[in-house]
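# Breakdown of the fold
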Amino acid sequence: MKLTGRTALVTGASRGIGRAIAIGLAEEGADVAVNYVSNEVAAQEVFDQIAKLGRRGVLARADVGDYPDTYRMAQQVLKEFGHLDILVNNAGVNDDKTFVKMDHAAWRKVLSVNLDGVFNCTKVFVEQMIGRQFGRVVNITSVIGQIGNFGQANYAASKAGVAAFTKSLAKELAGKGITVNAIAPGFVETDMVMAIPEKVQARLLQQIPLGRFARAEEVARAVVYIVSADGDYITGAELSINGGLLM
Ligand code: NAP
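All of the points below concern the structure found in this document. (Residues numbered from 1 in each chain as written. Predicted model: local features only at pLDDT ≥ 70, side-chain atom pairs only at ≥ 80, totals over all residues. Heavy atoms only, no water.)

## Overview of the environment of Arg-61
To be explicit about the condition: What counts as a helix is a DSSP run of H or I of at least four residues, what counts as a strand is a run of E of at least two, and both are numbered from the N terminus. Burial here depends on accessible area, computed with a 1.4 Å probe over protein chains only, as a share of the maximum for the residue type. Under 20% is buried, over 50% is exposed, and the range in between is partly exposed. We call two residues in contact when some of their heavy atoms are within 4.5 Å. Here a polar contact is taken to be a pair of N or O atoms separated by no more than 3.5 Å, where protein atoms must pair a possible hydrogen donor with a possible acceptor and residues adjacent in sequence count only if both atoms sit in side chains.
Within the secondary structure layout, Arg-61 lies in strand β3 (residues 57–61). Assessed through its relative accessible area of 32%, Arg-61 is described here as partly exposed. A sequence separation of 12 residues divides Arg-61 from Met-73, and the C-alpha atoms of the two residues are 6.9 Å apart. Those residues within four positions of Arg-61 in sequence are excluded, and the remaining contacts are Asn-35, Tyr-36, Val-37, Asp-69, Arg-72 and Met-73. A polar atom in the side chain of Arg-61 sits 3.2 Å from the backbone oxygen of Val-37.

## With respect to the site of the ligand
Selection criterion: In this text, near means that some heavy atom of the residue lies within 4 Å of the molecule or strand in question. Accessible areas in this description were obtained via Shrake-Rupley with a 1.4 Å probe; residue shielding takes into account the shown protein chains only.
Taken together, 32 residues lie around the ligand, and Ser-14, Asn-90, Tyr-155, Val-188 and Thr-190 are the ones closest in. Asp-63 places a polar side-chain atom, nitrogen or oxygen, 2.9 Å from a nitrogen atom of the ligand. Look at the ligand: alone it shows 910 Å² of surface, and the protein chains cover 95% of it. Mapped onto the shell around the ligand, the elements with two or more residues apiece are α1 (16–27), β2 (31–36), α6 (153–173) and α7 (191–194). Ranked by residues supplied to the shell around the ligand, first place goes to α7 with 3 residues.

## A short note on the pattern of salt bridges
Should the charged atoms of two oppositely charged side chains come close, the side chains can pair. Operational definition: Definition used for salt bridges: Asp or Glu carboxyl oxygen within 4 Å of a side-chain nitrogen of Lys or Arg.
One pass over the full model with this rule turns up 14 salt bridges. In this structure, the salt-bridge partner of Glu-45 is Arg-19, at a minimum N-O distance of 2.8 Å. A residue pair is termed long-range when its members are at least 10 positions apart, and Glu-45 in helix α2 (residues 40–52) and Arg-19 in helix α1 qualify at 26 residues. Between Arg-215 and Glu-218 there is a salt bridge; the shortest N-O distance is 3.5 Å. Several salt bridges converge on common partners, so that one network encompasses Asp-31, Arg-55 and Arg-56.

## What about the sheet that holds strand β5 (residues 135–140)?
The test is simple: Any two strands with at least two DSSP bridges between them are considered paired. Each axis is a line fitted through C-alpha atoms, taken for helices only over the stretch in contact, and angles between the N-to-C directions span 0 to 180 degrees.
Read from one edge to the other, the open sheet built from 7 strands follows the order β3-β2-β1-β4-β5-β6-β7, with strand pairing classed as parallel. Here the strands that pair on one side only, and so sit at the sheet edges, are β3 and β7 (238–241). This sheet shows a mean twist of 15 degrees between the axes of neighbouring strands, independent of strand direction. Of the pairings in the sheet, the one linking β5 to strand β6 (residues 178–185) comprises 6 bridges and is parallel in character.

## Details of the packing of α1 against α2
Quick reminder of the rule: Note on terminology: angles under 35 degrees are roughly parallel, angles over 145 are roughly antiparallel, angles of 65 to 115 are roughly perpendicular, and the others are oblique. It is the rotation of the near helix from the far one that decides the hand of a crossing: anticlockwise by less than a right angle makes it left-handed, clockwise makes it right-handed.
Running from N to C, α1 and α2 cross one another at 15 degrees; their axes reach a closest spacing of 9 Å. If you check the angle between α1 and α2, you find them roughly parallel. For the crossing formed where α1 meets α2, the hand is right-handed. Listed contacts from α2 to Arg-19, Ala-22, Ile-23 and Ala-26 of α1 are Glu-45, Val-46, Gln-49 and Ile-50.

## Some words on α1
Let me state the cut-off plainly: Take the residue count of a helix, subtract one, and multiply by 1.5 Å to get its expected span.
Look at α1: 17 Å from first C-alpha to last across 12 residues, which is about the 16 Å you get at 1.5 Å a residue. Burial of α1 is extensive: 9 of the 12 residues sit out of reach of the surface. Along α1, the residues that are buried comprise Ile-17, Gly-18, Ala-20, Ile-21, Ala-22, Ile-23, Gly-24, Leu-25 and Ala-26. Following α1 by one or two positions, Gly-29 has its phi on the positive side, about 105 degrees.

Structure, rendered in structure tokens:
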């Protein structure tokens, strides 16, 4: 077990990639707080899985785009765990429209969760990481932030913003025992990708050299690698897990 004694929070852990990351961290021995915003039943199911693995869990509801709500959640998690070693900023949404049809609300909604959410969550936990001279922050970006995409100007901008934030923070915090990295998945079999029309999915598959979408567990394994001692010398990286879609 690579993470015995560690405490972690995964945002957006009720479904998809976040769920796989939360369970992956618990399988390696970490206690894990499960953040979600509305899907309590799904979050409870992840919490139960963590408990079954013999780890402590916390159900940590908060809208990460809302700073006061995120601050409240952090106090709850720190009260339960005492401190936080690992923060995985995974919560994300999309609201796809061509730019001409994209209104300000669609822009703000995606930037609020995907970019402000990373600021908010990191802000509320970083001081206690600095105090303990240890922390592991992993931000889930996307291949779309690297290459852009038709109908995703808001989503691509949010993810490119998170990638740049990651590198800046990695430089600021390297001397304080904290590593900050990003993981950029390609297309992963989750609700987000399954919502893409089948014809478009087929076109996407043709562009992926490995010929399939990723499984959420394949992203989770990379998170475990980066936050465990195996990843101690990695900071400021953006690790691509995209089946060769971008190389
Ligand atoms: P998903 O299946 O749609 O799940 C989204 C998760 O985020 C849910 O747990 C949801 O909670 C939570 N969430 C949404 N808004 C939130 C908010 N305001 N505050 C807190 N939590 C919130 O998404 P996914 O496909 O696993 O994606 C996870 C991350 O990977 C996202 O950052 C996404 O951009 C990124 N990513 C995904 C893919 C892909 O192909 N799927 C590719 C590259 C990057 P509720 O259940 O309560 O709604």
